[in-house]
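Listed below, chain by chain, are the residues.
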Number of protein chains: 2
Amino acid sequence: MTRWSPDAALRLEEAALLLFERQGFSGTTVPQIAQSAGLTTRTFFRHFVDKRDVLFLRDREFPDVVGAALTGAPENLTGIELVKAGLLNAAVELEAWREPILTRQKIIASDEQLRERELLKREHLAEAVGKALRHRGINAGDCDLLAHTGTVIFDLSLKRWLYAPDSPSLPQVMTMAWADLERLLEGP
Amino acid sequence: MTRWSPDAALRLEEAALLLFERQGFSGTTVPQIAQSAGLTTRTFFRHFVDKRDVLFLRDREFPDVVGAALTGAPENLTGIELVKAGLLNAAVELEAWREPILTRQKIIASDEQLRERELLKREHLAEAVGKALRHRGINAGDCDLLAHTGTVIFDLSLKRWLYAPDSPSLPQVMTMAWADLERLLEGP
DNA sequence: CTAGTGATGACATTACGTGTCATCAGGGTA
DNA sequence: TACCCTGATGACACGTAATGTCATCACTAG
């Protein structure tokens, strides 16, 4: 294709994951990552806005994908049904990636700066979901509440699924979490 | 008391807010803030872990206060009642501070790095709430779900209250948001 | 009077992140 | 073939954030 390997971002991500596992996040410098991938520091920052960003390469398209799924969902669905269906659909796609996601999650959990970035990514997901709901004509005052509630369920379920010793499928965990929330809110 | 003004952190916060409003967050340097407060850069970083932290000085005790309120709440409350009551109680305390909170919120909204930190603070609140719920003997599997749902309601309500042209009280907004969520989850 | 405490100043240093220009392979066009 | 254009990268300089370390000096306790 070009004179350079076309996968600079992927090579940087791979090198970063390896170094983060061995030396920790804060114990690894960007020049180390770049050199390990055969590139320069400047090129690292062309592909990632900052050092933390390299751990979230796989999340870039996620909000748009989920948003598109919501926008293209069947008619006659309520807001809550849309959110459930859209996030459940995304959960199915993740099912095959448990191991690499778990590896990454352990790195994120080890550093508060990374947890912070993870929360921002969750917020971006919530914004995409909220936007899609508005686009579908859902009652405007409810969109943000639905979107944020959905991403909370999604996030909690993802972690239960990752860390559960005997793990049921992610969609199953999510469905159970929705049921839990409904039970809790309806009262005794 | 001491040879120095005892309110170094407060003076730094005041100077920072002024500069952020005039020049923006990224357009202001830490040396500027420190000099404006009559202190050195090194002292700034003794009071705040990083540049962003100066905007969240008022939030430091908040999770612990809410957690203590939950721990000391009346007996015989369910998990959901505890969360509602605890956050409603916190909302009452905030009622008098609408203007300064709004000022700060506008700065936060202007910079993604600050929104990111805000999300981390929200997460700390959720952790404190979850911990208090566990301490109260609430069903362990429900605590995180309740805590995160509560903080989502709290956060959305706070922003509605801040930006509503005709603002009902924050507790009122929160109560309405809880009712909205219950209605949405119970379905038609 | 003296020793100890604690917040600050002063200085050095590392690492993050950005601006800018040069380089060079491949693709399109005449 | 010859030419220009595009885009990703390298090389270099630079400002800023953030931390480690030691010195300073008012206040306090005894």
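Analysis parameters
- Residues numbered from 1 in each chain as written.
- Chains lettered and ligands numbered in written order.
- Predicted model: local features only at pLDDT ≥ 70, side-chain atom pairs only at ≥ 80, totals over all residues.
- Heavy atoms only, no water.
- Helix = DSSP H or I, 4+ residues; strand = E, 2+ residues; numbered from the N terminus.
- Contact = heavy atoms within 4.5 Å.
- Areas by Shrake-Rupley, 256 points an atom, 1.4 Å probe, with all protein chains shown as cover.
- Lys, Arg positive; Asp, Glu negative; His and termini not counted.
- Charge placed at Lys NZ, Arg CZ, Asp CG, Glu CD.
- Near = heavy atom within 4 Å.
- Polar contact = N/O pair within 3.5 Å; in protein donor to acceptor, adjacent residues only side chain to side chain.
- Nonpolar A, V, L, I, M, F, W, Y, C, P; charged D, E, K, R; others polar.
- Least-squares fit on C-alpha atoms with pLDDT ≥ 70 in both.
- Axes fitted to C-alpha atoms, helices over the stretch in contact; angles between N-to-C directions.
- Parallel < 35°, antiparallel > 145°, perpendicular 65-115°, else oblique.
- Left-handed = near helix turned anticlockwise from the far one by under 90°.
- Buried area = accessible area lost by both parts, 1.4 Å probe.
- Salt bridge = Lys/Arg side-chain N within 4 Å of Asp/Glu carboxyl O.
- Expected span 1.5 Å × (residues − 1).
- Buried < 20%, exposed > 50% of the residue type's maximum accessible area, 1.4 Å probe, protein only.
- Arc of directions from axis to C-beta.

Novice: Give a detailed account of the overall build of chain A, specifying residues and quantitative values.
Specialist: Looking only at helices and strands, one finds nine helices and zero strands in chain A. Walking chain A from its N terminus toward its C terminus, one meets helices and strands in the order α-α-α-α-α-α-α-α-α. Along the first, second and third principal axes, the C-alpha atoms of chain A reach 55 × 40 × 25 Å. Pairs at least 24 residues apart make up 66% of the contacts formed inside chain A by residues separated by at least 6 positions. Accessible surface for chain A amounts to roughly 9600 Å². Of this, 55% is attributable to carbon and sulfur atoms. With 23 positive and 27 negative side-chain charges, chain A shows a spacing of 7 Å between the two charge centroids.

Novice: Tell me about the protein's contact with DNA strand C, and please be specific about residues and values.
Specialist: Around DNA strand C, a shell composed of 22 residues is seen, among which Arg42 and Lys51 of chain A together with Thr43, Arg46 and His47 of chain B lie nearest. Backbone atoms, meaning sugar and phosphate, form 60% of the atoms of DNA strand C found within 4 Å of the protein. Within the side chain of Arg42 of chain A, an N or O atom sits 2.8 Å from a base oxygen of DNA strand C. Of all the secondary structure elements, the ones that give two or more residues to the surface near DNA strand C are α2 (30-36) and α3 (41-47) of chain A together with α3 (41-47) of chain B. By residue number, the principal contributor to the surface near DNA strand C is α3 of chain B, which donates four residues. Taken together, the residues that form the surface near DNA strand C break down as eight nonpolar, six polar and eight charged.

Novice: Please set out the relation of the copies chain B and chain A residue by residue, giving values where relevant.
Specialist: Rotating chain B by 180° about the axis while translating it 0.0 Å along that axis superimposes it on chain A, leaving an RMSD of 0.0 Å. Both copies are brought into coincidence by an operation consistent with a two-fold rotation axis. When the interface residues of chain B are mapped onto chain A, 100% of them are again interface residues, pointing to one common binding face.

Novice: Lay out the packing of helix α5 (residues 79-94) of chain B against helix α8 (residues 140-163) of chain B with the relevant residues and their values.
Specialist: Residues and elements named next belong to chain B. Running from N to C, α5 and α8 cross one another at 30°; their axes reach a closest spacing of 10 Å. By the angle class used here, α5 and α8 are roughly parallel. The two elements α5 and α8 meet at a crossing, and its hand is right-handed. Note on element contacts: α8 touches α5 through Leu146, Gly150, Thr151, Phe154, Leu158 and Trp161, opposite Gly79, Ile80, Val83, Leu87 and Leu94.

Novice: Any details on the interface of chain B and chain A? Residues and values, ideally.
Specialist: On the chain A side, the residues contacting the 32 residues of chain B number 32 residues. For the pairing of chain B and chain A, the buried interface totals around 3000 Å² over both sides, and the portion due to carbon and sulfur atoms is 65%. On the chain B side of the interface with chain A, the three residues burying the most area are Glu116, Leu145 and Leu185 of chain B, jointly 23% of the side's total. Our count for the chain B to chain A interface comes out at ten salt bridges. In this structure, Glu123 of chain A and Arg122 of chain B form a salt bridge, with 3.9 Å as the shortest nitrogen-oxygen distance. The element best represented in the side of chain B that touches chain A is α8 of chain B, accounting for eleven residues. By residue class, the composition of the side of chain B that touches chain A is 13 nonpolar, four polar and 15 charged.

Novice: Residues and numbers for α8 of chain B, please.
Specialist: Relative to the 34 Å expected for 24 residues at 1.5 Å per residue, α8 of chain B spans 36 Å between its end C-alpha atoms, a close match to the ideal helical length. For α8 of chain B, the tally of buried residues reaches 18 of 24 residues, placing the bulk of the element in the interior.

Novice: Please set out helix α5 (residues 79-94) of chain A residue by residue, giving values where relevant.
Specialist: Over its 16 residues, α5 of chain A extends 23 Å from the first C-alpha to the last, a length consistent with the 22 Å expected when each residue adds 1.5 Å. Every buried residue of α5 of chain A is listed here: Gly79, Ile80, Leu82, Val83, Gly86, Leu87, Ala90, Ala91 and Leu94 of chain A. In an axial view of α5 of chain A, the angular spread of the buried residues amounts to 165°, which keeps them on one side of the axis. Buried residues along α5 of chain A sit against α4 (62-71), α6 (98-109), α7 (112-135), α8 (140-163) and α9 (170-186) of chain A together with α9 (170-186) of chain B.

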